[in-house]
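Structural overview
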Amino acid sequence: MDCQRVLSLMDGYLDRELDLTTQLAVEQHLADCPACHAISLKQQALSAALGAGARYHRARPVLAANIKSALDKIDAASGTKRRQTPRWLSLAASIAIAAFIGSGTTYWLAGSSSDDLLTQEVIASHVRAQMVASRLIDIASSDSHTVKPWFNGKLDFAPPVLDLTTQGFPLVGGRLDYLANRPVAALVYRHRQHLIQLYVWPIAGRPDTTRHALSRQGYQVFYWSDNTMRYWAISDLNADELRTFSDLIQQQASTGQMLPAARRLPTPEDMR
Ligand SMILES: [Zn+2]
């Protein structure tokens, strides 16, 4: 993929609207091309600045329905096939940005659709981390007392790093990742020859304590929240084994068998 193609896809890439293969191809280019990488950072900073000032509201269902029906008509008239990412959703997002710029209010489709988008993000992150071995782990250690402090100063929260070695899920290490428009902790565990990634970040708003389980693109995904953190676990393990893993994380996190929280906000030194 050349620079021109990458730049034309940049908005879709940053909004995570591309299909997984294209998303990964752009990512690969950005890893190799300092010029495009610099541009992507600038655009990210701009989106973050816009996002930070935005208030989020659920779009009225009638708006989404109207957009979808208008697009269906266009598709029917032109005989084109709908792209994999629902175009009405992308368009709704563009309209939301326009509405935000126009009135200081942005609309977003909340609830289950945001979980769907996050599921796609988690799967893409999981696949991507395994494609390039050096991306999987920033800190390699089976010792939670080594992995946990590594996050100090890199995140504005202290992720619970649990030791499940005796239960058959040894810790492999951890890294920083970026999901749901924020930096998150990615913890890597192993079960036999299978990797499990557990993404953790603080809850925003009311916790959704229901545990969700789903199977997508050959991966099992479990996600839930407790009173402080959101947890997303993904693996190519079977559902029963990932459920066992999720049970253990939930139990240990709730009984406070984690290390004491070391909370420290990042300093300018850390950002360099
Ligand atoms: Zn380039």
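What follows concerns the confidence of the model for the chain. A residue-level look at the chain finds 72% of positions with pLDDT of 70 or above and a mean pLDDT of 79. The low-confidence segment residues 257-264, where pLDDT is below 50, has 19 contacts with residues more than four positions distant or belonging to other chains.

At 2.1 to 2.3 Å from the zinc ion lie its protein donor atoms, namely C3 (SG), H29 (NE2), C33 (SG) and C36 (SG). For the zinc ion, the four donor atoms in the first shell make angles of 101 to 116° at the metal, so the coordination geometry reads as tetrahedral. The motif formed by the donor residues of the zinc ion, counted along the single chain, is C-x25-H-x3-C-x2-C. In this pair, C3 is assigned in helix α1 (residues 3-14) and C33 in the loop between α2 (20-32) and α3 (34-53), connecting sequence segments 30 residues apart. A residue is classified by how much of its surface remains accessible, and C33, at 12% relative accessible area, is buried.

Another point: unusual backbone geometry. In this structure, N181 is a non-glycine residue whose phi angle is positive, near 60°. Here N181 shows up in the loop between β4 (171-179) and β5 (182-191). The phi angle at R192 is positive, at roughly 50°, despite the residue not being glycine. In this fold, R192 is placed in the loop between β5 and β6 (194-202). Since its relative accessible area comes to 45%, R192 is described here as partly exposed.

Another aspect to go through is the side chain of S141. As for its position among the elements, S141 is in the loop between β3 (139-140) and α8 (144-150). Judged by relative accessible area, which is 13%, S141 ranks as buried. A polar contact is formed between the side chain of S141 and the backbone nitrogen of D143, at a distance of 2.9 Å. Non-local contacts of S141, meaning those with residues more than four positions away in its chain, are made with T146, V147, L171, V172 and G173.

Cut-offs and rules
Residues numbered from 1 in each chain as written. Predicted model: local features only at pLDDT ≥ 70, side-chain atom pairs only at ≥ 80, totals over all residues. Heavy atoms only, no water. pLDDT = per-residue confidence, 0-100. Contact = heavy atoms within 4.5 Å. Donors = N, O, S within 2.8 Å, 3.2 Å for Na, K, Ca; no water. Tetrahedral: all angles 85-135°; square planar, octahedral: opposite > 155°, others 65-115°. Helix = DSSP H or I, 4+ residues; strand = E, 2+ residues; numbered from the N terminus. Buried < 20%, exposed > 50% of the residue type's maximum accessible area, 1.4 Å probe, protein only. Polar contact = N/O pair within 3.5 Å; in protein donor to acceptor, adjacent residues only side chain to side chain.

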